[in-house]
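Residue-level structural notes
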Amino acid sequence: MNPKILIIGACGQIGSELTFKLRSIYGDENVIASDISYSNLDIVNSGFFEIVDAQDYASIKGCVEKYNIDTIYLMAAILSATGEKFPMKAWDLNMNSLFHVLNLAKAKFIKQIFWPSSIAVFGPSTPTESTPQYTTMEPTTVYGITKQVGERWCEYYNQKYGVDVRSLRYPGIISWKTQPGGGTTDYAVDIYHKAVIDKKYDCFLTENTKLPMMFMDDAIKATIDIMSADNDVVKIRSSYNLAAISFTPKEVAASIKQHIPEFEISYTPDYRQAIADSWPKSINDEEAREGWNWKYTFSLEDITKKMLFQLEKKYNTTVK
Ligand code: AKB
């Protein structure tokens, strides 16, 4: 039987693509999109859509009851860069929303939860290359703290109350449909937009800042794979390390230059540099690979080709 899914935060970068993909698999009538406002008209007009406030238990529960929801993907969050500007807002949204869905599952209103964690759970004392699943975690951003604490609560609800919650530590996600907002890895999306529009980009990180990244299609596949894996295969109930590629701003600029030779990059690092410097450069995801056969597909070159092709269409311009 198909799950009956509610996506909270469906207007955002990952939520929007997840909505379309889940509808193509389970049918439009089984996937309800929701967000705090009508901020993404492609999503709002694409099928069932509800205004849901992720910080309001009654608002989520009302929607769960209205549609007989059994599965929630909680994609609403304040990311790393915005979190540093509004620490208490990030804490409140990221934690309250998680408790609401965990408590809905504990009370048996829903059966399954997906909740994204992030590489932001790691900090400056974490080994930076091939960061293992189990290691020192001392995040220095509010966002990272909410994700680390959230992971502990997910595991706690699983062990104490049998809640089926599944989670991935997403790296920076690169996509062309909906732009990300408020993250430190956002430069790796902005750079493609600016390359197509202006042929130049001023990067807020230094040229050699290496970070783990992934193409959206891989992130969506990983999310759906872990959610459809057999219960006993999902051994980790905090959150799985998840990896694809790692690159620096200089490397992504070089990859863009292969297609747009006149493209120019400059560097004006800001407060986001300290956030990036506190995160791993590459991730070891062997638990995900061995546990439920995870493997990424898209290389940096594949991503650059796809991004430039799609954004050229979107902005109605020619790259060469
Ligand atoms: C961010 O940059 O804050 C996010 C993340 C890595 O979780 N993209």
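Coordinates for the structure precede this section.
Just so it is clear, the structure is predicted and the values come from calculations on it, not from any experiment.

Ranked by size, the top nonpolar core spans 39 residues in total, and within it Ile174, Tyr187, Tyr192 and Phe247 carry the most contacts. With seven residues, the top contributor of residues to this core is helix H7 (residues 187–197). Split by domain, the residues of this core number at least three in each of domain 1 (5–170 + 216–241) and domain 2 (173–213 + 244–315). Apart from residues no more than four positions distant in its own chain, Ile174 is found in contact with Gln13, Ala188, Val189, Tyr192, Met213, Met214, Phe215, Met216, Phe247, Ile303 and Met307.

Turning next to the side chain of Thr304. Here Thr304 shows up in helix H12 (residues 300–314). Within the structure, the side chain of Thr304 is placed 2.5 Å from the side chain of Ser255, a separation counted as a polar contact. In this structure, Thr304 is in contact with Tyr192, Ser255, Ile256 and His259, ignoring residues within four places of it in sequence.

By the element assignment, Asp225 lies in helix H8 (residues 216–228). Remark: the alpha-carbon pair of Asp225 and Trp91, spanning 134 residues in sequence, is separated by 29 Å. Polar contacts involving the side chain of Asp225 include one to the side chain of Lys221, which spans 2.6 Å.

Taken together, Leu79, Ser80, Ser118, Ile119, Tyr143, Gly183, Thr184, Thr185 and Trp279 are the residues near the ligand. In the environment of the ligand, an oxygen atom lies 2.7 Å from a nitrogen or oxygen atom belonging to the backbone of Thr184. Between a nitrogen atom of the ligand and a side-chain N or O atom of Thr185, the distance comes to 2.9 Å. Relative to its unbound accessible surface of 250 Å², the ligand loses 93% to contact with the protein. Partitioning the shell around the ligand into residue classes produces four nonpolar, five polar and no charged. Formed jointly, the shell around the ligand draws a minimum of three residues from each of two domains, domain 1 (5–170 + 216–241) and domain 2 (173–213 + 244–315).

The strand order across the open sheet formed by three strands is E9-E11-E13, and the pairing between neighbours is mixed. Each edge of the open sheet is held by one strand with a lone partner, namely strand E9 (172–174) and strand E13 (245–247). If you compare each strand with its neighbour and ignore which way they point, the axes differ by 45° on average. The sheet contact formed by strand E11 (residues 211–215) and E13 spans three bridges and is antiparallel. Bridged to Pro212 within E13 is Ser246.

What follows is about the pattern of salt bridges. Where charged atoms from two side chains of opposite charge approach closely, those side chains can pair. This model, assessed by the stated rule, comprises 11 salt bridges. Its salt-bridge partner being Lys210, residue Glu129 comes within 3.2 Å of it at the nearest N-O pair. Here Glu129 is found in the loop between strand E6 (117–118) and helix H6 (142–161), whereas its partner Lys210 is found in the loop between strand E10 (200–203) and E11, with 81 residues between them in sequence. Of the residues examined, Lys210 reaches a relative accessible area of 27% and is grouped as partly exposed. Salt-bridge contacts for Asp164 lead to Arg166; the nearest nitrogen and oxygen are separated by 2.8 Å. A relative accessible area of 2% means that Arg166 is categorised as buried. Here the residues in one salt-bridge network are Asp164, Arg166 and Arg237, joined through shared partners.

Cut-offs and rules
- Residues numbered from 1 in each chain as written.
- Predicted model: local features only at pLDDT ≥ 70, side-chain atom pairs only at ≥ 80, totals over all residues.
- Heavy atoms only, no water.
- Core = buried A, V, L, I, M, F, W, Y, C linked by side-chain atoms within 4.5 Å.
- Buried < 20%, exposed > 50% of the residue type's maximum accessible area, 1.4 Å probe, protein only.
- Helix = DSSP H or I, 4+ residues; strand = E, 2+ residues; numbered from the N terminus.
- Domains from an automatic or database assignment.
- Contact = heavy atoms within 4.5 Å.
- Polar contact = N/O pair within 3.5 Å; in protein donor to acceptor, adjacent residues only side chain to side chain.
- Near = heavy atom within 4 Å.
- Areas by Shrake-Rupley, 256 points an atom, 1.4 Å probe, with all protein chains shown as cover.
- Nonpolar A, V, L, I, M, F, W, Y, C, P; charged D, E, K, R; others polar.
- Pairing = 2+ DSSP bridges.
- Axes fitted to C-alpha atoms, helices over the stretch in contact; angles between N-to-C directions.
- Salt bridge = Lys/Arg side-chain N within 4 Å of Asp/Glu carboxyl O.

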